[in-house]
Structures are given as C-alpha cells and as structure tokens.
Amino acid sequence: MTTTFDHLPPQVAAGLAAGTLAPYLGPGLLSLCEGPLPPADPLALAATLAARSSVPGKIRTRVTAVAQFIENFKHRKTLVGLMGEAFATAPAPSPLHRWLAALPAPLIVDTWYDDTMRRALAARSDWAEVQGLSQSEHFGSWTGWYGADGTAVEGPVAARTVFYKPWGGHAPAANYLVSDSDFVEVLTEIDIQTPIPALVQQRRASLGFVFLGCRFNDQLPRAFARQITKRSGGPHYAVLPGEPTRMERRFLEEAGITRIDLPLAEVAAALTGQHAVAA
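Quick caveat: nothing in here was measured; it's all calculated off a predicted structure. (Residues numbered from 1 in each chain as written. Predicted model: local features only at pLDDT ≥ 70, side-chain atom pairs only at ≥ 80, totals over all residues. Heavy atoms only, no water.)

Re the pairing of strand β2 (residues 21-25)
Within a regular beta strand, the side chains point alternately toward one face of the sheet and then the other, so they alternate between its two faces. This is how it is decided: Per-residue accessibility, obtained with a 1.4 Å probe over protein chains only, is compared with the maximum for each type, and a residue is labelled buried under 20%, exposed over 50%, and partly exposed between these values. Secondary structure counts use DSSP, requiring at least four H or I residues in a row for a helix and at least two E residues in a row for a strand, with both numbered from the N terminus. Two strands pair if DSSP finds at least two bridges between them.
Of all the 5 residues making up β2, 5 are buried; the element is thus mostly covered by neighbouring parts of the structure. Residues Leu21, Pro23 and Leu25 point to one face of β2 and Ala22 and Tyr24 to the other, with burial holding for every one of them. Note that β2 and strand β10 (residues 208-212) share 5 bridges and pair parallel. Considered in β10, the bridge of Leu25 is made with Leu212. Two elements, β2 and strand β3 (residues 107-110), share 2 bridges in a ladder whose sense is parallel. Along β3, the bridge assignment pairs Leu25 with Asp110.

Next comes the structure, spelled out in structure tokens:
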C-alpha cells in the first residue's frame, strides 16, 4: 500500500529546488492560470473537436476516437488545424509555471498540448525541447528537437533543462499525438523504450518525479507515466486530491508513487512561497 500525505512533505520542495526531482505536468496545471484557457482535460478537448467537426454521438466523449474519426473522414490536416485552433489560446503562465521554469531541473515532462510551460521557460536560453511525433506525419522519426527559440535542431541537445512533451504540442511546430492510430504506433514500441529519447532515459536515471495536474484514470496517462519513469532513480510523488479511482490507486501502488492528498492550488501556493510549507 502506498503512502499518502495530507500535507506537502518538505522533501518535495527541496528536491524540486535542488534538481533531484523532476516536474511531470498534466493538463490540470491549467487550472492555476487566469483568463481564457484552451481545453484543460481530454473530455474538454473531445467536446471542442466534436463541436468543430460532426462526429458520431457514441464517440463524442473519447478524444482519441474523435480525433481518429476526423483524421479518417476529414484528413489529417483537418485534425491538425482543429488542434491548432483549440490550443491557440495561450494563457499567461501561473506563478507555479514560472517557479518551475526557474528551477535547475535537468528534465521537465509536460503531457498536454498547451504552450503555457514553454512560455514560462522563454526567459531562459539554456533549455531545449523534444516532442513526440505522429508516425502518420513523420514516419520513422519518434521525436523532434527544438532550441529555446523554437528552431528545429538536430537532437539530442545537451541543454541544462530538457523540456519533454511526449504527446507533442501546439508550438513550435504543431506536433500532435492525439488519434487512436497515433497512440497505437507509440504504445507498440514504448515497452522497449524506442519512442522515449535516449537523453531523457539518461537523465531520469538519477531523478524522481513529482506529478502535478495529472490524473491516472485512463490507460494512456498511466502507460506513459509508467514508461517514462521506468528505471528512474525515484522517489516519486503525485498531487492527487480526493479519493483516487480504483485504477489510480492500483497504478500508484504498482509504481511506488506517494500520493499528496492536497488541492493543486494549495501545493502551488506552498511551493511558490505564498504560504509556508507544512512540516
């Protein structure tokens, strides 16, 4: 049975600040931003895509199925265009985004398509980004590398911080893993780590992860979290308030992840110094 804290353990803030714990971000981090937001979870994204392109009612709540339908019947370019429209809204980074961007983190993982963390990193020049690529558009290439200015570069780039977006992202090149076929291609190989950049694998070996804004109530986020953290140094923590689902609880136990039963906003305030970290 995994450990659960109802306060923020001081070692989490210390590990993030020291660069021994790596942030692992999910779509829930957008809840900390103010103003208009892009879709902030898979259900919202499915609704956004379905509203822009007629899809069968029975699949309207499954984002990968909605995306696959659009790709099959309206063309891949249509899907990419709709994803671009959905994530064109770029909220100002929250204080937590900015705090994380200032850390000496060797690795930051971001599993959503928005540009918010990228914007937070923009004040620095010592980072590089690697994104997952769809095999339907980049057959044979699993990842694309980009400099801090967004220019495509030959990877890997041994920057101070590697910003890894395994599902792709809106900027700088509209790379999206979103349809059923996109994920089938990656999941076929991910057990042997082929789609995960070698530099990410190298850096994770001495790192633990802190999951922020992530849920594990679907197979995809569980599969990616499991494989990205494979052979990492640990320990791992997840900010997951409230009662987890049966599958979430099972995943946390299997992965040895300590759950922090606090609202994300409260953890964000503690980490950014707006409130003292609980002892």
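Continuing now.
Section: the pattern of salt bridges
As a reminder of what qualifies: The term salt bridge refers to a side-chain nitrogen of Lys or Arg lying within 4 Å of a carboxyl oxygen of Asp or Glu.
Counting across every chain of the model gives 13 salt bridges. Notably, a salt bridge pairs Arg226 with Glu254, separated by 3.9 Å at the nearest N-O pair. Here the residue Arg226 occupies a position in helix α9 (residues 219-228), and Glu254 occupies one in helix α10 (residues 246-255), the gap between them amounting to 28 residues. When its relative accessible area of 36% is taken as the criterion, Arg226 is described as partly exposed. Overall, Glu254 belongs to the exposed group, its relative accessible area being 51%. Each of Glu71, Arg76, Glu137 and Asp182 takes part in salt bridges that share partners, so that together they form one network.

So, helix α2 (residues 42-52)
Threshold: The contact rule is simple, with two residues in contact once any of their heavy atoms fall within 4.5 Å. In protein, a polar contact requires one atom able to donate a hydrogen and another able to accept it; more generally it is a pair of N or O atoms within 3.5 Å, and residues adjacent in sequence count only if both atoms are side-chain atoms.
Turning to α2, its buried residues are Leu45, Ala46, Thr48, Leu49 and Ala50. On its buried face, α2 is in contact with α3 (63-74) and α4 (76-86). Its side-chain oxygen 3.0 Å from the backbone nitrogen of Leu43, Asp41 forms the N-cap of α2.

Quick notes on the packing of aromatic side chains
Each aromatic ring pair is characterised by the separation of its centres together with the angle its planes make. The cut-off we apply is this: For this analysis, a ring pair means two rings from Phe, Tyr or Trp (six-membered ring only for Trp) whose centres lie within 6.5 Å, classed as stacked if their planes differ by under 30 degrees, edge-to-face if by over 60, and tilted for the remaining angles.
Taken as a whole, this structure holds 14 aromatic pairs when the rule is applied. With 5.1 Å between their ring centres and 70 degrees between their planes, Trp167 and Phe183 make a pair best called edge-to-face. Taken together, the positions of Trp167 in the loop between β7 (161-165) and β8 (168-169) and Phe183 in helix α7 (residues 180-190) put the pair 16 residues apart, joining distant regions of the chain. Phe183 shares its class with Trp167; the two are buried.

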